Amino acid sequence: MRVVDLIRRKRDSGELTREEIEQLIAAYTGGDIPDYQMSAWLMAVVLRGMSRAEIAALTGAMLHSGRVLDFSDLPGRKVDKHSTGGVGDKTSLVIAPVVAAGGVKVPMISGRGLGHTGGTLDKLESIPGFNVNLSLANFRRVLETCGCALIGQTAEIAPADKKIYALRDVTGTVESPALICASIMSKKLAEGIDALVLDVKTGSGAFMKKVEDAASLAELLVETGNRMGKNVVALLTDMNQPLGRTAGNAMEAAEAIEALSGGGPADLRELCLELAGWMFYLGERVKTVDEGKKLSAELIASGHAREKFREIVRLQGGDVGVVDDPRRLPRARQTLGVTSPADGYVAGTQCEQLGVACVVLGGGREKKEDTIDPAVGLEFHKRIGDAVQRGEPLCTLHYNAGGRLDEARRLVETAYRIEPEEPKAIPPLVHRVIGA
Ligand code: URA
């Protein structure tokens, strides 16, 4: 195999065979192909797409680049959820303990921030000591002990995705249904689950901006999961504005703890109940999704979900004190407010720009080697449809290093669209459910 031939074939809209894809993935994972060649191939895939057969081969090759876990000897159904990525999306931190508290096991393998979107692993690591790099034996032990464990891809699980994900993050090669599908499903099919709930985001802060593109991605994900014998459902959810009140790792961890304690913003709570409701349903814990939502609300109100989160944090080496006092999380030293330039209503946000502003402040990566500042982020004061007065705060930037503050401020200032009239329609939180 000459890698340059595979790059050129994809560049010219040709199709690769299963064997070629398997060799390419194995060679890159083994360190035999340099990043620049893999980046070129990934870019060709973004621009030219892949056939269904190629996507299946890529997913299979990435899945089998590592071990496929088997938890069938542990009692009960195992269910996970995964998001295609958004701004302020901290639902995993809430849902995983809720569902585990309700008796359905959640073995969760998550990702880091990707492009302008945040990642569950980075959010968890903002909790001092929290270890997302458990060995597989420890992953299993934590899962057995408390019904939930959250880790990243390891050298053993989908290592191809670990490498390719980091490369895509910094080479503008995220926005491809084929690559997103292979990335998500290779991790999820490796984690020994029976069923999966997908949160496919759509809107200005999602990788799939148009509802129809998100729906095609959702269908592809559901089909790929079904083909591998998993029960999969995809909720198409809105990302035309950030979810909740914050974006930024520690700020989001604090907000998730608030939601687990029965508070938190309404949109975050509603989406968490919806996703957890589906997980309970696919986990055969309840007969209907509504029953699952009710159970989720009860587990939060009774304190069981929060207690479960404390247990997870303890078992994964984190500081449990943050669950009682989120002020123990890293906090930025400085803040800067962005205010409304006019009286009127928030008519929309360029949500991706808000995500980029968070990255620019140090909350995400622009190069593979970048380290994240867990404390920085954005605090949102207004949502679409809210009335604002000139000079009223729209968003507060929390930062440590001021080097790129102006750039971040400009991104935030131009992300809000203020109109004199109240918007006629507010985007629904859930657009559609696919695969139900
Ligand atoms: N989440 C993933 O795990 N991979 C992607 O490519 C996008 C979102």
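Each residue is numbered by its place in its chain's sequence as written, counting from 1. Restriction of local features to residues with pLDDT of at least 70 applies here, the model being predicted, together with a cutoff of 80 or more for giving and counting side-chain atom pairs; totals for whole chains, interfaces and linings are based on all residues. The side-chain quantities take in all heavy atoms of the structure and omit both hydrogens and water.

Visitor: Please set out the sheet that holds strand β1 (residues 79-83) residue by residue, giving values where relevant.
Guide: The four strands lie next to each other as β1-β4-β5-β13, forming an open sheet whose pairing is mixed. This sheet does not close on itself; its edge strands, each paired only once, are β1 and β13 (430-434). Put simply, the sheet's adjacent strands are angled 15 degrees from each other on average, direction ignored. When DSSP finds two or more bridges between a pair of strands, those strands are recorded as paired. Strands here are runs of E lasting at least two residues and helices are runs of H or I lasting at least four, both read from the DSSP assignment and numbered beginning at the N terminus. In the sheet, β1 pairs with strand β4 (residues 195-202) via five bridges, with the strands oriented parallel. Residue pairing in the sheet places Asp80 in a bridge with Leu196 of β4. Strands in contact with helix α10 (residues 211-227) are β4, β5 (231-238) and β13; relative to β5, the strand with the most contacts, it is inclined by about 165 degrees. Each axis is a line fitted through C-alpha atoms, and for a helix only the stretch in contact is used; angles between axes span 0 to 180 degrees, taken between their N-to-C directions. The contact criterion used throughout is that any non-hydrogen atoms of two residues lie within 4.5 Å.

Visitor: Summarise empty space enclosed by the protein; cite the residues concerned and give the values.
Guide: Two kinds of site are reported from a 1 Å grid over the protein atoms alone, namely cavities, where a 1.4 Å probe fits but cannot get out, and pockets, open sets with protein on both sides within 12 Å along at least five of seven lines, and residues are called lining when an atom falls within 4 Å of a point. Grid points are joined across faces, edges and corners, and a volume is the space filled by probe spheres set on the points. Summed over the entire model, instances satisfying the criterion amount to four cavities of 30 Å³ or more. When its volume is computed, the largest cavity comes out at roughly 310 Å³. Put simply, the parts of the chain that give the lining of the largest cavity at least two residues each are β1, α5 (91-101), β2 (106-110), α6 (120-125), α8 (159-169) and α9 (177-190). With five residues, α9 is the single largest residue contributor to the lining of the largest cavity. Per-class residue counts for the lining of the largest cavity are six nonpolar, 14 polar and eight charged. Charged residues are taken to be Asp, Glu, Lys and Arg, nonpolar residues to be Ala, Val, Leu, Ile, Met, Phe, Trp, Tyr, Cys and Pro, and polar residues to be all remaining types, Gly included.

Visitor: Break down the site of the ligand for me, citing the residues and quoting the values.
Guide: Working definition: residue near molecule or strand if any one of its non-hydrogen atoms lies within 4 Å of it. Near the ligand you find His82, Ser83, Thr84, Leu114, Tyr165, Arg168, Ile180, Ser183, Ile184 and Lys187, and these make up its full shell. Counting of polar contacts relies on pairs of N or O atoms within 3.5 Å, with two restrictions inside protein: one atom must be capable of donating a hydrogen and the other of accepting it, and residues adjacent in sequence are counted only when both atoms are side-chain atoms. Here Lys187 contributes a side-chain N or O atom positioned 2.6 Å from an oxygen atom of the ligand. Per-residue and other accessible areas follow the Shrake-Rupley method at a 1.4 Å probe size, with only the shown protein chains counted as cover for residues. Protein burial of the ligand: of its 240 Å² of free accessible surface, 97% is covered by the chains. Any molecule with more than half of its atoms within 2 Å of a cavity's or pocket's grid points is regarded as sitting in that cavity or pocket. Most atoms of the ligand, that is more than half of them, are within 2 Å of grid points of the largest cavity. Elements represented by at least two residues in the shell around the ligand include exactly β1, α8 and α9. With four residues, the single largest contributor to the shell around the ligand is α9. Each residue belonging to the shell around the ligand can be placed in one class, and the counts come to four nonpolar, four polar and two charged.

Visitor: For the layout of surface pockets, give the residues involved together with the corresponding values.
Guide: Its boundaries defined by the atoms lining it, the largest pocket holds a volume of some 360 Å³. Of all the elements in the fold, those that place two or more residues in the lining of the largest pocket are α11 (249-260) and β9 (377-380). Residue assignment places the lining of the largest pocket across two domains, with domain 2 (79-326) and domain 3 (331-419) each supplying three or more. Considered as a void within the structure, the second largest pocket measures approximately 300 Å³ in volume. Domain borders in the structure are assigned automatically or taken from a domain database.

Visitor: Run through the pairing of strand β8 (residues 344-349), naming residues and quoting values.
Guide: Per-residue accessibility, obtained with a 1.4 Å probe over protein chains only, is compared with the maximum for each type, and a residue is labelled buried under 20%, exposed over 50%, and partly exposed between these values. The buried fraction of β8 is high, at five of six residues. Both β8 and strand β10 (residues 387-388) contribute to a ladder of two bridges, which runs antiparallel. Across the sheet, residue Gly344 finds its bridge partner in β10, namely Val388. Relative to strand β12 (residues 416-419), β8 is paired through four bridges, and the arrangement is antiparallel. Following the sheet pairing, Gly348 is matched in β12 by Arg417.

Visitor: Please give an account of the side chain of Lys382 that cites residues and values.
Guide: Structurally, Lys382 can be placed in the loop between β9 and β10. A polar contact is formed between the side chain of Lys382 and the backbone oxygen of Ala387, at a distance of 3.3 Å. One polar contact links Lys382 to Glu392, side chain to side chain, over a distance of 2.8 Å. When neighbours within four sequence positions are excluded, Lys382 is seen to be in contact with Val346, Ala387, Val388, Glu392, Pro393, Leu394 and Tyr416.

Visitor: Report on the packing of α8 against α9, specifying residues and quantitative values.
Guide: Where α8 meets α9, the closest approach of the two axes is 10 Å, and the angle between their N-to-C directions is 145 degrees. The handedness of the crossing between α8 and α9 is left-handed. Within the contact between the two elements, α8 uses Asp161, Tyr165 and Arg168 and α9 uses Leu179, Ile180, Ser183, Ser186 and Lys187. For the contact of α8 with α9, the class distribution of residues is three nonpolar, two polar and three charged. We call a crossing left-handed when the near helix sits turned anticlockwise from the far one by less than a right angle, and right-handed when that turn is clockwise.

Visitor: Break down the side chain of Glu252 for me, citing the residues and quoting the values.
Guide: Structurally, Glu252 can be placed in helix α11. A residue is classified by how much of its surface remains accessible, and Glu252, at 3% relative accessible area, is buried. In contact with Glu252, not counting residues within four places along its chain, are Gly88, Asp89, Lys90, Lys123, Thr246 and Ala247.

Visitor: Residue-level account of the domain arrangement of the chain, with values.
Guide: Segmenting the chain into domains produces domain 1 (3-49), domain 2 (79-326) and domain 3 (331-419). Centre-to-centre separation of domain 1 and domain 2, based on C-alpha positions: 29 Å. Each side of the interface is counted separately: domain 1 has eleven residues, and domain 2 has 13 residues. Defined in terms of a 1.4 Å probe, buried area is the accessible area two parts forfeit on being brought together, summed over both. Here domain 1 and domain 2 share an interface that buries about 1,000 Å² over both sides, 79% of which is from carbon and sulfur atoms. Its largest share of buried area at the contact with domain 2, domain 1 owes to Tyr28, Leu42 and Val46, together 47% of the area lost on that side. Any Lys or Arg side-chain nitrogen located within 4 Å of an Asp or Glu carboxyl oxygen qualifies as a salt bridge. Run the count over domain 1 and domain 2 and you get zero salt bridges. Put simply, domain 1 and domain 2 have one residue pair in polar contact (both at pLDDT 80 or more) between them. For the side of domain 1 that touches domain 2, the secondary structure elements donating two or more residues are α2 (18-29) and α3 (35-48). Examining the composition of the side of domain 1 that touches domain 2, we find that seven residues originate from one element, α3, more than from any other.

Visitor: Break down the packing of helix α12 (residues 266-282) against helix α13 (residues 289-301) for me, citing the residues and quoting the values.
Guide: Their axes nearest at 7 Å, the elements α12 and α13 cross at an angle of 120 degrees. With respect to α13, the axis of α12 lies oblique. As α12 packs across α13, the resulting crossing turns out to be right-handed. On α13, the residues touching Arg269, Leu273, Glu274, Ala276, Gly277, Trp278, Phe280 and Tyr281 of α12 are Val289, Gly292, Lys293, Leu295, Ser296, Ala297, Leu299 and Ile300. Broken down by class, the residue content of the contact of α12 with α13 amounts to ten nonpolar, three polar and three charged. Roughly parallel refers to an angle under 35 degrees, roughly antiparallel to one over 145, roughly perpendicular to one between 65 and 115, and oblique to any angle outside these ranges.

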